[in-house]
Amino acid sequence: MRDEGGMMTTQTHSTEGGLRAWLTAETPHSRGQARLGRVYLGWLAFARNRLAMIGLGIVLLLVLMAALAPLLAPYDPYTQDLSQRLLPPSAAHWLGTDAFGRDILSRILYGSRLTLMIVALVAVTAPVAGLLIGTVAGYLGGWVDAVLMRVTDIFLAFPKLILALAFVSALGPGIENAIIAIAITSWPPYARIARAETITIRKSDFISAARLQGASTPRIILGHVVPLCSSSLIVRVTLDMAGIILTAAGLGFLGLGAQPPAPEWGAMIATGRQYVLEQWWVATMPGIAIFVVSLGFNLLGDGLRDVLDPKGQ
């Protein structure tokens, strides 16, 4: 039995060592091996950053909270019980209750779903639009570049929150309109980054070679330029998540985002501001949730920047 156990342990170590050697091979034998090797080396560099790992843990915790909210929440987030209103944190209500007797912990857990939905929808719309506008402007140049960048400058001339307020006021209050407003006001920085990187690579030899082989302009932009600009945008998107969360919370605080009784963190702070001196937990607990999640995305973005930015390396 000892020999079999020792043999199994040896085989396990040899398998792990063989996989590690395969991933870190200096001369990969296939394109898939090269890609997996880059991902593995990037993960090792990312894992050495403790703050980045803390940020990753916070973001993963947010995802788990959103996915398991029905199982984790001790109470229904919408049920009102005026006999339990404004109770301080206790064993029955870990984070206390609000002015309508609703459990704050349950509302924060369900509110993570709204936060994650806002972050996800903005992350798949604004960066994509900014990437396409920036790469087209940088690659084509001329009057196309001038027109697209002047439109970008108009959006950048206004503070993001003020511009989002204007769009939400025009569209009407609601979580859907808030997401649209945040996405509309978030794309200009991505367009600027994509344009700057496109200008540096549009005269490269491999772009000229693709053009000589008969590749069309859309194929060059989508197949060569866009992938090279994606890494910088991924870092910027991760760093901007905190700003998106704060903008969404600001709209909710002003009554232009998610509408009652939705458990949105900014709206929860708005309802608890009149009790902030005596029943401090009503507004403080969702504020702490916003702070922790924003910090997590910032730490994660810093770690990704160190890994994906070749200039930083």
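Conventions adopted
Residues numbered from 1 in each chain as written. Predicted model: local features only at pLDDT ≥ 70, side-chain atom pairs only at ≥ 80, totals over all residues. Heavy atoms only, no water. UniProt positions renumbered as here; feature names shortened; annotations may be inferred. Helix = DSSP H or I, 4+ residues; strand = E, 2+ residues; numbered from the N terminus. 1 Å grid on protein atoms, 1.4 Å probe; cavity = no way out; pocket = protein on both sides within 12 Å on 5 of 7 lines; lining within 4 Å. Points joined across faces, edges and corners; volume = space filled by probe spheres on them. Nonpolar A, V, L, I, M, F, W, Y, C, P; charged D, E, K, R; others polar.

Taking an unreviewed UniProt entry as the reference, the protein is identified by name as Oligopeptide ABC transporter, permease component belonging to Azospirillum baldaniorum. The Sequence similarities (unreviewed entry) field of the UniProt record for the protein holds the comment "Belongs to the binding-protein-dependent transport system permease family. OppBC subfamily." UniProt annotates the protein under Subcellular location (unreviewed entry) with the comment "Cell membrane".

Chemist: Mind showing me how you'd approach the UniProt feature "transmembrane region" (unreviewed entry) in the protein here?
Modeler: Using the residue numbers shown here, the UniProt feature "transmembrane region" (unreviewed entry) corresponds to residues 51-75, 114-141, 161-185, 241-260 and 280-301. A helix fraction of 84% and a strand fraction of 0% characterise residues 51-75, whose end C-alpha atoms lie 33 Å from each other. Along residues 161-185 one finds 88% helix and 0% strand; the C-alpha atoms at either end are 8 Å apart.

Chemist: How should I be thinking about empty space enclosed by the protein in this particular structure?
Modeler: Gaps between atoms show up when a probe of the same size as a water molecule is rolled over them. The final tally for this structure, using the stated rule, is one cavity of 30 Å³ or more. If you add up the space inside the largest cavity, you get close to 50 Å³. What lines the largest cavity is Thr115, Ile118, Ile245, Ala248, Ala249, Glu264, Trp265, Gly266 and Ile290. Every element with two or more residues in the lining of the largest cavity is listed here: helix H5 (104-123), helix H11 (217-253) and helix H12 (265-272). Ranked by residues supplied to the lining of the largest cavity, first place goes to H11 with three residues. Its residues assigned to classes, the lining of the largest cavity shows six nonpolar, two polar and one charged.

Chemist: Which parts of the structure should I look at to understand unusual backbone geometry?
Modeler: The phi angle of most residues is negative, glycine excepted, and most peptide bonds adopt the trans form. The linkage connecting Pro260 with the following residue, Pro261, adopts the cis geometry, with an omega of 5°. Checked against the element boundaries, Pro261 lands in the loop between H11 and H12. Backbone geometry at Leu86 places phi at a positive 55°, although glycine is not the residue there. Residue placement: Leu86 occurs in the loop between helix H4 (69-72) and H5.

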